[in-house]
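One-letter residues, chain by chain:
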Amino acid sequence: MESGAGKHWTEEEVKALLSVWSEKNIRKQLHGTLRNKGIFIYIAKRLQELGVCRDWKQCRAKYKNLKYEYRTVKYAHNSGDVTKTMKFFHDLDAILRYEPVTQLAAEENGRCSATETQLNTSPTTDSTQGEISISLEDDEDAPGDPLLFMSHVRPVQLEMPGDTGEEDSVSNMSEDLQVADIKKVSDSDDVTVNTTPENRAALHITKETAMTKIPEDEGDIANSTPAALEATQIKKETIDIDDDSISTTSEDRSCTPVAKRMVGTDNHIPLEEAQNHFKVITVNDTGAGKHWSDNEVRALINIWSDEKIQQMLEGATRNKEIFEEIARRLMKRGIDRDWKQCRTKYKNLKYEYRALQKENEHLGNPRRKMRFYDEVDSILRRQPLGPSSWGCESSSLLSVGDVTANTGSLSIKRKTWNDEVSPVPLKKSASENTILHFQKLLTERVHTVTEGKKLLLERLCKQEDMQDLNRTQLYADPSAIQQVPAPAPAAVAMAPAASDLKLGKKVNEGKTKEVYELPDMPGCVLMQSKDQITAGNAARKDRMEGKAAISNTTTSCVFQLLQEAGIKTAFVRKQSDTAFIAAHCEMIPIEWVCRRIATGSFLKRNPGVKEGYKFYPPKIEMFYKDDANNDPQWSEEQLIEAKFCFAGLTIGQTEVDIMARSTQAIFEILEKSWQPQNCTLVDLKIEFGVNILTKEIVLADVIDNDSWRLWPSGDRSQQKDKQSYRDLKEVTPEALQMVKRNFEWVAERVELLLKTKSQGRVVVLMGSPSDLSHCEKIKKACATFGIPCELRVTSAHKGPDETLRIKAEYEGDGIPTVFVAVAGRSNGLGPVMSGNTAYPVVNCPPLSADWGTQDVWSSLRLPSGLGCPTTLSPEGAAQFAAQIFGLNNHLVWAKLRSNMLNTWISLKQADKKLRECTL
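The structure presented is a predicted model; accordingly, all values stated were derived computationally and were not measured.

Enquirer: What am I meant to see in the overall build of the protein chain here?
Expert: Check the secondary structure of the protein chain and you find 30 helices and 27 strands. Split into buried and exposed, the 919 residues of the protein chain put 47% on the buried side. Of the contacts formed within the protein chain by residues at least 6 apart in sequence, a portion of 68% connects residues at least 24 apart. By element, 52% of the accessible surface of the protein chain is carried by carbon and sulfur atoms, the whole surface being about 46,200 Å².

Dropping the structure here:
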C-alpha cells in the first residue's frame, strides 16, 4: 500500500495518525473489533481535519505496518538486542505497551504471531454461568439480515465459572468454517447463547453438515435438549465444503472442543488450545458457492474418467472448450459450475495427487493420504473405475445424509492422514447386518486397491525405463554430450530409474536444494530441490508444499530451452519430479545479474534513478556470494584480482568476459521466449561453474522462479516471481498459498517456452540436379536452426510455367516460406521467383572456378522492382532464412543468438591461446 508516488507517509502524517490512535476510545475500539472498517473511516475523517488526506484503507495499512514493526523491535529488546530500533518507537510503546508481545517463531521467519483479538474470561455469577456473549459495536445497529449480523459482532467472550479473569489472545480465523444462520437476534446490543454443560453439545455440528464446527471428543448431539437448540436458534444449511481443495497435511486434525472442562474443576482452557480451536465466523469466511462438495467432486471425477475427455485433455493446451463441455455435463447432473471452476478443481486434484506421489518416492518420506486418491490414480494410470472405487464413498454419503436429516445421529468425522482404513461411524440405529456388510465392503476395497497398486507400480517402472531411453535417444545432441565426460553419454542412456538410482555422499546443501554424487554416473551429480522458500539470505524462510516439484519443472524447462539453443549448461536430464541430473561443476561464487528494467535493489544502490528506467543494452552486474556481508557487489577488476581457480581453470579477463557476454545472451534468449506469453522478463540472476572434466565454463545451478522478476503484461502489480513472497508484510498460510499459485502459474507457462505457434519452411529451387550437393548443404544448415527444408528441381528458362506452378503450390497452404534459388551460369530462377511472389527470395548460386566471376552478375544485376539478395555461402542462405523466421519464432531466434555467442567465445579463447603461446 505504501509503494508508489503519492502513497508514502510523511513524518507529519504519521505523527497525526499516532495522535488520533493514542486516544483512549480509538484504542478501545481497535482492540476489541474484528471488522474495523468503520473505525478507520472515522480515523481518516479525523486526519482530514488535521490536514492529512488519506482514505481508510491507507490508514489501516499504515496502522498494521507500524504495529508489526513495533512488535518486531519490542521482541528484539525483550530478547536482549537493544540495537534494533524504529522511528516513533517511543510513541508506539506508549500506545501498545500493555499489549502482549509474543515471540516470533523461528519456523515462521519473522511472522508476527501476536494476536489482535482477545479471548476474555472473567468470573461470573451463577445466573450467567456458561454463556457466550456476542456484543455489537456501540455505534452500530444489528442488521436485519441475520447473515450480515456476523460481520458486526465483536470478539466472542467465553464466560466460565471459576475463571481467573486473565486475558488470552486468539487470532487465527478459519476459512474452512461455514456460516451459521442465526434466525433470531435480540433487539439489545448483546446477544447471549446458553452454553451450560447440559446444552453445550448442541453446538457440536460437524463439517459434513456444512455448519459451524465446534467438535466434542466425548458427547453426543443427541443429548441436546429442545430448549438448548431453540436458544441457539441455529438453522442448518447445506453449504458445499471443499474437503479436497487443500492438502490434507495442512488441516487441523485434532478434534478437541472449544471449551473442554471437567465438571467440578476450576481449570480453564489453555491459551494454546483456544488459539487452535476457537473460531469466529464471518460472512467473508464462508466461501459459500465456491467449495466443492463430495458429490460434486465425484461427479467431476466420473466425467473425467471418460476416455474421450481424457484424450482431449491430454492433447490440448488451450482447453477452455473441453471444460465447457465438462461444465455442461455437470449441469445435466444438477451441479452448477462454470468452466473455470471445473478447470481449477481438475488442476488441484492432479496437483495434489502428483505431490503425494513425489513425497512417497522421496527418500524416507512416510505415505500420506488424500481424498479420492484411488479414483484419481485410476484415471491418471488409465485404469477403469470399478464399483469398489466408489463403495466406501457412497456409504459415507449415505451416512452424511442421515446425519443431516437427524440431529440425533452420530457425527461423521473426516479420516486423518494416518488412517489406513477407518470405518465411517454409522447411525446408532443401524442394524448389525448393515455394519457387517459395510465392513465386508471395506475389506474387499483394501484388497482390490493393494493388488491393483502392485501391478500398476510394476507397469509404471517399465514404462518409465522405456521413456527415459527413448527420450535420451531422441533429444541427444552433440552440444549436450560434449559437456558430459566421455563415458557419460552411455551412462545417461542407460541411467537407472528414479527408484533404483544410487546416491553417493552429499556434495553440498543450499537453502533450497541438495547436491548428491552419483556413483553409477561418474562426473554427474543429482540436484534435489526442497519444499522451502527463502528471502533476504534466509532471513525469512518457510516451507511451501510442492515447491520442489515446481522449481524442478521450471529449471528443467529453462535449461532444456537454452541447451537446445546451443548454450553450454551443466544440465543433463530431468530425473524425477523433484530432481535433475547435472554435470559435476565447481561453482564460481559470483551471482551474475542482468537487468532490462531498473527496480528492486538497483534503485537503493543508485538513488535518483526512477523505477522503470530501461537499459539498452541490458545492464550487467555481479555480486560476490557472501551471506554474512549480504552478497556485496563486485567489479570485474575485483573478480580478476581474486585469482580464483576452479577445477584447474584460473578465472582471468577472458573468463570474466565470457561469463559477462553469456549472461547477456541468456537473458535476451529468455526475454524473447517470454514475449509470446505476454510476459516481461525484468531481470535475471544466474551462476556459472567449471565442469570438472571438460574444464570449461558452463551455466550451472538452477534457473527457477527465484531467479528472475516476471511481470505479466509488463505490470508490476501482477508480478508472479519470488518478489511476491519478499513483499509480504506477514507470512500467513493464505499468503503462502497466493505465492504458491504464482509459482504454479509460472511452471505451467514455462513449458510453453519449448513450443512455438509460428510455422515456417525453406524451399530450395535448383535449376539442375547437378546442383544437389550445394542444396544439401543449405538443407543441413536449416536443420541446425530447426527449420524444415524441401528441395525441388525446376528451370525458369526451360519451364517457367512449372516454376510458377510450384510457387503457387507453396503459396496456397498459408505456411510462411522463404525461397532459395540455386542456379549456375545465367540465373533466371531467382529474379523470376522474386518478380512473381511476395514471399522472400534469396539467390545462392553455385559458382564455378572458371566462370564464377562472370556468372555472379546474373544474380547481382537485376531489373528494377525486384528485391532478391544474393549470398554465395549455403550456410549464409540458411541463416538469412532463419533471421526472417526468428522475428516471430523465439526458438529460431534463440539458436541465432546462441550462434553469435559461441562464435564470439571461440574467437576469445583462440586469442587467449595465441597470447599464451606467444608469451
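Okay, back to it.
Enquirer: Explain the sheet that holds strand β13 (residues 571–576) here, please?
Expert: Strands pair in a sheet through their backbones, by hydrogen bonds, and they do so in one of two ways: parallel or antiparallel. Ordered by their spatial adjacency, five strands build an open sheet running β8-β9-β10-β14-β13, and the pairing between neighbours is antiparallel. Looking at which strands have only one partner, the edges of the open sheet turn out to be β8 (506–509) and β13. Between one strand axis and the next, the sheet turns by 25° as a mean value, whatever way the strands run. This element, helix α18 (residues 547–565), spans β10 (524–529), β13 and β14 (579–583) of the sheet and lies at about 150° to β13.

Enquirer: What should I look at first to understand the packing of aromatic side chains in this one?
Expert: The way to describe two aromatic rings as a pair is by their centre distance and the angle between their planes. Within the structure shown, the criterion is met by 18 aromatic pairs. An angle of 65° between the planes, with centres 4.8 Å apart, marks the rings of Trp-21 and Tyr-63 as edge-to-face. Linking Trp-21 in helix α1 (residues 11–21) with Tyr-63 in helix α4 (residues 56–78), this pair joins segments that are 42 residues apart in sequence. One exposure class covers both Trp-21 and Tyr-63, and it is buried. Taking the centre distance of 6.3 Å and the plane angle of 75° together, the rings of Tyr-810 and Phe-819 count as edge-to-face. On the accessibility criterion, Tyr-810 (3% relative accessible area) is buried.

Enquirer: In this structure, what is going on with the pairing of β13? I would like to understand it.
Expert: Residues in a regular strand project their side chains so that they alternate between the two faces of the sheet. Burial analysis of β13 places five of its six residues in the buried class, which makes it a mostly covered element. The pairing of β13 with β14 spans four bridges and is classified as antiparallel. Paired with Lys-574 across the bridge in β14 is Phe-580. In textbook terms, the turn of a hairpin is the stretch between consecutive antiparallel strands, and for β13 and β14 this stretch comprises two residues.

Enquirer: I tried to follow helix α24 (residues 772–784) on my own but got confused; where do I start?
Expert: Two residues of an α-helix separated by three or four positions point the same way, owing to the 3.6 residues in each turn. The terminal C-alpha atoms of α24 lie 19 Å apart, and with 13 residues this matches the ideal 18 Å at 1.5 Å per residue to within 8%. Every buried residue belonging to α24 is among His-774, Cys-775, Ile-778, Ala-781 and Cys-782, and all of these are buried. Burial along α24 is one-sided: seen end-on, the buried residues are contained in an arc of 115°. Exposed positions of α24 whose direction lies more than 90 degrees from the buried face are Ser-773, Lys-780, Ala-783 and Thr-784. A positive backbone phi angle near 75° is found at Gly-786, which sits one or two residues after α24.

Enquirer: Would you explain the environment of Asn-843 in this entry?
Expert: Within the secondary structure, Asn-843 sits in strand β27 (residues 841–843). Since its relative accessible area comes to 0%, Asn-843 is described here as buried. There is a polar contact of 3.1 Å between the side chain of Asn-843 and the side chain of Asn-827.

Enquirer: I keep staring at helix α11 (residues 320–332) and nothing clicks. Help me out?
Expert: The end-to-end C-alpha separation of α11 is 19 Å, in line with the 18 Å expected for 13 residues at 1.5 Å each. Among all positions in α11, only Ile-322, Phe-323, Ile-326, Ala-327 and Leu-330 are buried. Considered in projection along α11, the buried side chains sweep an arc of 140° and stay on one side of the axis. Facing away from the buried side of α11 by more than 90 degrees, the exposed set consists of Glu-321 and Lys-332. Once α11 ends, the next one or two residues include Gly-334, with phi positive near 85°.

Enquirer: Any chance you could explain the sheet that holds strand β25 (residues 789–793) here in plain terms?
Expert: In spatial order, the strands read β25-β24-β26-β27; together these four strands make up an open sheet with parallel pairing. A strand with exactly one partner marks an edge of an open sheet, and here the two such strands are β25 and β27. Each adjacent strand pair in this sheet contributes to an overall mean axis angle of 25°, direction not counted. On top of the sheet, helix α25 (residues 800–812) reaches β24 (761–766), β25 and β26 (817–822); it is set at about 160° to β25, its chief contact. Contacts from helix α26 (residues 829–836) reach β24, β26 and β27, with the element oriented near 165° to β27.

Enquirer: When you look at the nonpolar core in this model, what are you seeing that I'm missing?
Expert: Ranked by internal contacts, the top residues of the largest apolar core, which has 60 residues, are Trp-592, Leu-639 and Trp-708. Sort the elements by how many residues they give to this core and helix α21 (residues 653–674) lands first, with 10 residues. Here Leu-639 is in contact with Ile-590, Trp-592, Met-622, Trp-634, Phe-644, Ile-651, Val-656 and Met-659, once residues within four sequence places are set aside. Membership of the second largest hydrophobic core comes to 27 residues, among which are Val-14, Ile-39, Phe-40 and Leu-66.

Enquirer: Would you mind going over the packing of α18 against helix α23 (residues 733–750) with me for this structure?
Expert: Helix packing geometry: the angle between the two helix axes and the distance between the axes. Orientation of α18 relative to α23, taken along the N-to-C sense of each, is 30°, at an axis distance of 9 Å. The orientation of α18 with respect to α23, classified from their angle, is roughly parallel. Where α18 crosses over α23, the two elements pack in a sense that is left-handed. Residues Lys-547, Ile-550, Thr-553, Thr-554, Cys-557 and Val-558 of α18 form the contact with α23, whose participating residues are Lys-740, Phe-743, Glu-744, Ala-747 and Val-750. Partitioned by chemical class, the residues of the contact of α18 with α23 number six nonpolar, two polar and three charged.

Enquirer: Would you take a moment to explain unusual backbone geometry for this structure?
Expert: Backbone geometry follows two general trends: most residues other than glycine have a negative phi, and most peptide bonds adopt the trans configuration. Residue Tyr-616 is joined to Pro-617 through a cis peptide bond whose omega torsion reads -5°. Along the chain, Pro-617 falls in strand β17 (residues 614–624). Phi angles above zero are rare outside glycine, and Phe-372 is one such case at about 60°. Positionally, Phe-372 belongs in the loop between α12 (339–361) and α13 (373–380). Taking relative accessible area as the criterion, Phe-372 reaches 2% and is therefore assigned buried. A positive phi angle is found at Asn-678, which is not glycine, with a value near 60°. For Asn-678, a relative accessible area of 48% gives the class partly exposed.

Enquirer: Where do I start with the pattern of salt bridges in this structure?
Expert: A side chain with one charge may pair with a side chain of the opposite charge, provided their charged atoms come close. Per the stated rule, a full pass over the model turns up 38 salt bridges. Across the pair Glu-641 and Lys-643 runs a salt bridge, and its minimum N-O distance is 3.7 Å. One exposure class covers both Glu-641 and Lys-643, and it is exposed. Put simply, Arg-915 and Asp-911 hold a salt bridge, and the shortest N to O gap is 3.1 Å. Taken as a pair, Arg-915 and Asp-911 lie in helix α30 (residues 890–918) at a separation of four residues, close to a single helical turn. Through salt bridges that share partners, Arg-595, Arg-605, Glu-621, Asp-683 and Arg-709 make up one connected network.

Enquirer: Got a minute to help me understand the confidence of the model for the protein chain in this structure?
Expert: The predicted coordinates should not be examined in detail at positions where pLDDT is low. Summarising the model, the protein chain shows a mean pLDDT of 73, and 64% of its residues fall at 70 or more. Considering only residues more than four positions removed or in separate chains, one finds that residues 1–6, a stretch of pLDDT under 50, has 11 contacts.

Enquirer: Can you help me understand the side chain of Gln-719 in this one?
Expert: On the secondary structure map, Gln-719 appears in the loop between β23 (708–712) and α22 (723–726). By relative accessible area, which is 12% here, Gln-719 ends up buried. Reaching out from Gln-719, the side chain makes a polar contact with the side chain of Asp-727 at a distance of 2.9 Å. Once residues lying within four places of it in the same chain are set aside, the contact partners of Gln-719 are Leu-710, Trp-711, Pro-712, Ser-724, Asp-727 and Asn-742.

Quick notes on the rules
Residues numbered from 1 in each chain as written. Predicted model: local features only at pLDDT ≥ 70, side-chain atom pairs only at ≥ 80, totals over all residues. Heavy atoms only, no water. Helix = DSSP H or I, 4+ residues; strand = E, 2+ residues; numbered from the N terminus. Buried < 20%, exposed > 50% of the residue type's maximum accessible area, 1.4 Å probe, protein only. Contact = heavy atoms within 4.5 Å. Areas by Shrake-Rupley, 256 points an atom, 1.4 Å probe, with all protein chains shown as cover. Pairing = 2+ DSSP bridges. Axes fitted to C-alpha atoms, helices over the stretch in contact; angles between N-to-C directions. Phe/Tyr/Trp six-rings, centres within 6.5 Å; stacked < 30°, edge-to-face > 60°. Expected span 1.5 Å × (residues − 1). Arc of directions from axis to C-beta. Polar contact = N/O pair within 3.5 Å; in protein donor to acceptor, adjacent residues only side chain to side chain. Core = buried A, V, L, I, M, F, W, Y, C linked by side-chain atoms within 4.5 Å. Parallel < 35°, antiparallel > 145°, perpendicular 65-115°, else oblique. Left-handed = near helix turned anticlockwise from the far one by under 90°. Nonpolar A, V, L, I, M, F, W, Y, C, P; charged D, E, K, R; others polar. Salt bridge = Lys/Arg side-chain N within 4 Å of Asp/Glu carboxyl O. pLDDT = per-residue confidence, 0-100.

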